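Spelled out, the chains give:
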Amino acid sequence: MGKKVKEDKKPPPDDVFDTLSVESRQAGTVVLMLSSPEEDVQSKACEAIYKFVDKCDENKKQLLDLGAGEALLKLMQSEDRIVRRNACMALGVMTANPDVRKFLRKREESIPAFIQLLAPEEDTVVHEFAGLGLSNMATEFSSKATIFESGGVDALVKCLGSSDPDVQKNSVEALAQLLLDYQSRAAIRDADGLNPLLELLKSEFAIIQKLSLLALDRASQDSENRSALRELEAMTKLVDFVAHPEWNDLHVMAVMVLSNLLEDLESLELVKETGGLKRLVALITDQVPPEEEPKAGTGKGEKKAGSRAAKKSAKGSKSGKKEESEKEEPPPGEAIIPTLPDVKMSAAKAIARSARSAENRKILHEQEAEKMLIHLLSHESTDVQTAAAQALGIMSENLLSKDSIREWEGMQPLIKLCNSDNGDVKEAVTLALANLTTGNSTNCQEVSNLNGVETLIHLLADPRDEAVANTCCVLTNMATEEALRTEAQGKGIVTALLEPLKSQNTRVQAKSSLAVAAYVCDADSRSEFRNAGGLESLIQLLHSGNDEVRRNAAWALAVCAVDEPTAVEICKLGGMDLLQEIQVSGTRKNPFAEVALERLLDANLSAKYALTGQLSSTNLIEDGFYDAGQIRPNTKFMSIEDYCKQELNDKRPVLFINAKADPVTTQSTSNPEMEAKENSKTNVSGKSSRTGREGKGKSKQKEKEEKQKEEELQAQLQKEAEALANSENQPVNPPTDSNLVKYIEEVTERILPLATATDQVKALAQFVADKMGGPIEKGQLPNFSWELPLSQVKFELKSNVVPIGKIKAGIHVHRALLFKALADRIALPCSLTRGDYNRAWNEVMLPETQEQPGGQKFPPCCFLVDLIHQPGQLLKSDSPEAVTYKKL
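Okay, so let's go over this structure. (Residues numbered from 1 in each chain as written. Predicted model: local features only at pLDDT ≥ 70, side-chain atom pairs only at ≥ 80, totals over all residues. Heavy atoms only, no water.)

## Quick notes on the overall build of the chain
Selection rule: Where helices and strands are cited, they refer to DSSP runs of H or I of at least four residues and of E of at least two residues respectively, numbered from the N terminus. Type-normalised accessible area, obtained with a 1.4 Å probe on protein chains alone, sets the label of each residue: buried when under 20%, exposed when over 50%, and partly exposed for intermediate values. By definition in these notes, contact holds between two residues if any of their heavy atoms fall within 4.5 Å. Here the Shrake-Rupley method, with its probe set to 1.4 Å, supplies the accessible areas, and only the displayed protein chains count as covering residues.
The secondary structure content of the chain amounts to 49 helices and 10 strands. For the chain, the residues scored as buried account for 49% of the 888 residues in total. Restricting the contact set of the chain to residue pairs at least 6 apart, pairs at least 24 apart contribute 68%. In the form shown here, the chain has an accessible surface area of approximately 44,700 Å², with 49% of it arising from carbon and sulfur atoms.

See the structure below:
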């Protein structure tokens, strides 16, 4: 670096120092020259510094460390135009260094100084480098705010109309940086800066076009700016821009601006009226727009794409002459140049973004946007396929679009792309299919017709979680049609759903649970699901911390619990305990878990009665039912086998209903020892009768036979002992209640033939009271001895489980249970409700008694059946007598 201050040829006056030529190669010396009072020295020093810092970034940092920043900032405000210009050039280039920008941020006057140099009276070079400095400073947010507050937006907008391309480039770049701040978006509209940005799209320089599109993209994120751009016909101008094939490297950014504008319904209606949307669709699908069809021998002149490569604009330097674009006419019948894949992808995303509004979807459907998207599905680029499928998925939320996509043969490419190797494509395609099949049985049938069921079932094992979740949605939608559900079941969907249930993704868990609920709606599928081990996975999902997963898993269990064997298996796996925990939780409780628990309890009436204290008339007590008493909701419910294995205690006995024949007693009705004794007696009697007739020689043979029989008997007894020892490890079979069997026979013979339900209820109540100790006068219930006889029965049985028929003296809880058990055997509807302090009662629905036969009939009323004081008396459930019966 070297500068020489040349001498003047004229001899200096006597009082003036002679002109001195100085050469220096030290940056520090030049920095000292900035402090010179001579403007010529200052100017030349600034020019030397500009050339030095323009070489590399290290030079900028070096001069900053030497203190050049402070001096240059001061000289930018000099009265001399040359000094201001050279200082601005030097400091403008230096702002590319972050340390320089940090230094300038600490100087409040720095940014206003740059903005002041954008005044119209300043030189074009000053505008260029002042804009460069502001564009560099605008990269930091704090500087954006200072530029906005100092009126920098207005000054930069005025520079957009400059004839110098470098001024335009630096100004639009600075504005693009400022438009990241929402305040500047409103300011550029107030400064009428949107129209100059649109005009810059016609620039011959690609960098200016790119920066103007970037600025428009950020400005159009403001709704009022979008309204202003509509008035400036920005939609038409942008579509025209996309129509120029030589600008294809900028088409993506133009489509991004269009995407912002298309968010507004007004913009979509405007582009519909002007035909711009159909024109854009034609361009994206590589079709010739109707109004631009080429004619033989004619054609519009287009700028040659190759000439753009020669047009460059350097950031800190003045551009040279603009090269003129060569023009040439296309040959006759020339086809339109295909748009780039990125442009197609951006266009599809623009449609998807606009289609988020229901009104916009309607307009897009009217303009047949679905056709473009279906066409893009066949593109070779996976990114284009993904964007098109995503847009179709959003468009399919419109009911008319669902039918149009099917009619335009859009289902087939979607199903075909389900076999793609790209995960993004499969995710987008399955989402589109999920939306298309929602509430549309015709589309569901179309999926089946295109052999899509097997493809979808295969996708359930895909490693892409979102694709699996979307596939579950499609299959769930198809399950609403019985024929499609049967087809999917025949192709193994029930077992295929086991794998998604084990996923760690909560959305997959939730959607697969719903799919299970949709397909296990018959006994065969429930059996298949149960045998495949699917219940364990569903029950495990009840532990999930996600509300949707728990709800859907509970609903699936509710569907499975319709089948009694499945319900029993769910209870064995701890499903009922988990559902109880959910229902007592304040945060996890949900109605689906309540339904599932009710279904399980309907299949396990013993647990239902123990937990809820209520059995309805539709809950029929069968053999194996037992009343273990009221238990708390969070207490584990024990099986009858567990109660049988317990040692005798002083707690409340478990009342057991079992009228089945005992398999143990039926298989071996005789004792081997008794048979042996009888056989020996017959042998002795036979021997004595023959002693007079047979000789002594035969007695030895008989003794030998008897000895052989005794050995066989001993072997048989040993086998019985081993069988008894093995039976101790087998589940305990509660004994048969022979008395209950007799009760059922008597009731079936005597009470079932009665003419009316009222007569049956009264007769059955009297029958139950007779078997349980007879009527008890009011006020005498505390004196009725029932506890001691019940304890004696427990002691005789050596068990806490007492068959109901063994009880000969019982009160409310015993009589009500026996009444319900017998009533269910003769199809007499009644309920069973547990109260407090060993209270229980039955309620029946009967018509009110009519004084005259054949009189007016009224709806049946609910009556409580008295089994204690006046057996057979019917008390209205809301009467004071009924209330007293329940409490006293």
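## Structural notes on the pairing of strand β9 (residues 861-865)
Applicable threshold: In this description, strands pair whenever DSSP reports at least two bridges between them.
Burial of β9 is extensive: 4 of the 5 residues sit out of reach of the surface. Relative to strand β10 (residues 874-876), β9 is paired through 3 bridges, and the arrangement is antiparallel. Residue Phe863 lies in a different strand from β10, and its bridge partner there is Lys876.

## Quick notes on helix α48 (residues 812-825)
The following threshold applies: Here a helix's expected span is defined as the number of its residues, less one, multiplied by 1.5 Å.
A rise of 1.5 Å per residue sets the reference length of α48, with its 14 residues, at 20 Å; its end C-alpha atoms lie 20 Å apart and thus fit the reference within 8%. Burial of α48 is extensive: 13 of the 14 residues sit out of reach of the surface. Once α48 finishes, Ala827 follows within two positions and takes phi at roughly 60°, a positive value.

## Quick word on unusual backbone geometry
Despite not being glycine, Ala827 has its phi angle at roughly 60°, a positive value. Structurally, Ala827 is set in the loop between α48 and β7 (831-834). Here Ala827 falls in the exposed class, since its relative accessible area comes to 66%. The phi dihedral of Asn838 falls on the positive side, at around 65°, and the residue is not glycine. In this fold, Asn838 is placed in the loop between β7 and β8 (840-846).

## Brief notes about the sheet that holds strand β3 (residues 614-615)
To keep things clear, this is the line we draw: Axes, fitted as lines to C-alpha atoms, cover a helix only where it is in contact. Angles between the N-to-C directions of the axes lie from 0 to 180 degrees.
What the 5 strands build is an open sheet, ordered β3-β7-β8-β9-β10; its pairing is antiparallel. The open sheet is flanked by β3 and β10, the only strands paired with a single partner. Here β8 pairs with β9 via 5 bridges, running antiparallel. By the bridge assignment for β9, Met845 is matched with Cys862. Strands in contact with helix α46 (residues 757-771) are β8, β9 and β10; relative to β8, the strand with the most contacts, it is inclined by about 160°.

## Details of the environment of Asp878
Turning to its location among the elements, Asp878 is positioned in the loop between β10 and α49 (880-887). Relative accessible area serves as the criterion here: at 67%, Asp878 is assigned to the exposed category. For the pair Asp878 and Cys862, spaced 16 residues apart in sequence, the C-alpha separation works out to 8.5 Å.

## Considerations on the pattern of salt bridges
This is how the line gets drawn: Here, a salt bridge means any Lys or Arg side-chain nitrogen found within 4 Å of an Asp or Glu carboxyl oxygen.
Applying the stated criterion across every chain yields a total of 39 salt bridges. We note a salt bridge from Arg530 to Asp563, for which the minimum N-O separation is 3.5 Å. One end of the pair, Arg530, is in helix α34 (residues 523-531); the other, Asp563, is in the loop between α36 (547-560) and α37 (564-572), with 33 residues separating them in the sequence. Classification of Asp563 by relative accessible area gives buried; the value is 16%.

## Section: the side chain of Ser448
Mapped onto the elements of the fold, Ser448 is located in helix α27 (residues 441-449). For Ser448, a relative accessible area of 10% gives the class buried. Dropping the residues within four chain positions of it, Ser448 is found in contact with Val453, Met478, Leu484 and Glu487.

## Focus on the packing of helix α28 (residues 452-459) against helix α29 (residues 465-478)
As a reminder, the rule being used: Note on angle classes: values under 35 degrees are labelled roughly parallel, values over 145 roughly antiparallel, values of 65 to 115 roughly perpendicular, and the remainder oblique. The crossing is said to be left-handed when, going from far helix to near helix, the turn is anticlockwise and less than a right angle, and right-handed when the turn is clockwise. Charged means Asp, Glu, Lys or Arg here, nonpolar means Ala, Val, Leu, Ile, Met, Phe, Trp, Tyr, Cys or Pro, and polar covers whatever is left, Gly included.
Across the interface, α28 lies against α29 with an axial gap of 9 Å and an inter-helix angle of 140°. Relative to α29, the element α28 lies oblique. In the crossing of α28 with α29, the sense of the turn from one axis to the other is left-handed. Across from Val453, Leu456 and Leu459 in α28, the residues of α29 making contact are Val468, Thr471, Val474, Leu475 and Met478. Classifying every residue of the contact of α28 with α29 by side-chain character gives 7 nonpolar, 1 polar and no charged.

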